[in-house]
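# Examining the three-dimensional arrangement
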Amino acid sequence: MQTGSLIIESYPPGAEIYIDNTLVLDENGKPGLTPAMLTVTTGYHDIKLVLEGYCNEFDGQYIMKDENINIYHNFNIC
């Protein structure tokens, strides 16, 4: 399986990360939060960041083999 990396950061930090509408979980089974570095399969992925009290942030990225993609979002208050 071919993979690449997503480096996801936000301000403020602590947003839950969803990849392709699935909540990312850490090694302890807790929600993955920003900042984070994730290994994902190559191809297109929908990315959603959710932080209580702020508007959800959406992005889409095409990941190529061994590529590192940096994603940074400033949250807006809804």
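Look a little higher up for the structure.
As the structure is a prediction and not an experimental result, all values here were calculated from the model.

Cut-offs and rules
Residues numbered from 1 in each chain as written. Predicted model: local features only at pLDDT ≥ 70, side-chain atom pairs only at ≥ 80, totals over all residues. Heavy atoms only, no water. Core = buried A, V, L, I, M, F, W, Y, C linked by side-chain atoms within 4.5 Å. Buried < 20%, exposed > 50% of the residue type's maximum accessible area, 1.4 Å probe, protein only. Helix = DSSP H or I, 4+ residues; strand = E, 2+ residues; numbered from the N terminus. Contact = heavy atoms within 4.5 Å. Pairing = 2+ DSSP bridges. Axes fitted to C-alpha atoms, helices over the stretch in contact; angles between N-to-C directions.

Glancing now at the nonpolar core. Of all hydrophobic cores here, the largest spans 16 residues; its most connected members are Leu6, Ile8, Ile17, Ile19, Leu38, Ile47 and Leu49. Listing elements by their share of this core, those giving two or more residues are strand E1 (3-11), strand E2 (16-19), strand E4 (36-41), strand E5 (43-50) and strand E7 (68-74). With three residues, the single largest contributor to this core is E4. Apart from residues lying up to four places away in sequence, Ile8 is in contact with Ile17, Ile19, Thr34, Pro35, Ala36, Leu38, Ile47, Leu49 and Ile71.

On to the sheet that holds E4. Read across the open sheet, the three strands follow the order E4-E1-E7; overall the sheet is mixed. Looking at which strands have only one partner, the edges of the open sheet turn out to be E4 and E7. Recorded for the sheet is a direction-independent mean angle of 25 degrees between the axes of neighbouring strands. Pairing between E1 and E7: seven bridges, direction parallel. Across the sheet, residue Ile7 finds its bridge partner in E7, namely Asn70.

Okay, the environment of Ile17 next. Along the chain, Ile17 falls in strand E2. Spatially, the C-alpha atoms of Ile17 and Pro35 are 9.5 Å apart, while their sequence positions differ by 18 residues. Setting aside chain neighbours within four positions, we find Ile17 in contact with Ile8, Thr22, Leu23, Val24, Gly32, Leu33, Thr34, Ala36, Leu38, Lys48 and Leu49.

Spatial strand order, E3-E2-E5-E6: four strands in an open sheet with antiparallel pairing. This sheet does not close on itself; its edge strands, each paired only once, are strand E3 (22-23) and strand E6 (57-63). Of the strand pairs in this sheet, E5 and E6 are connected by seven bridges, and their pairing is antiparallel. Note on E6: the bridge partner recorded for His45 is Gln61.

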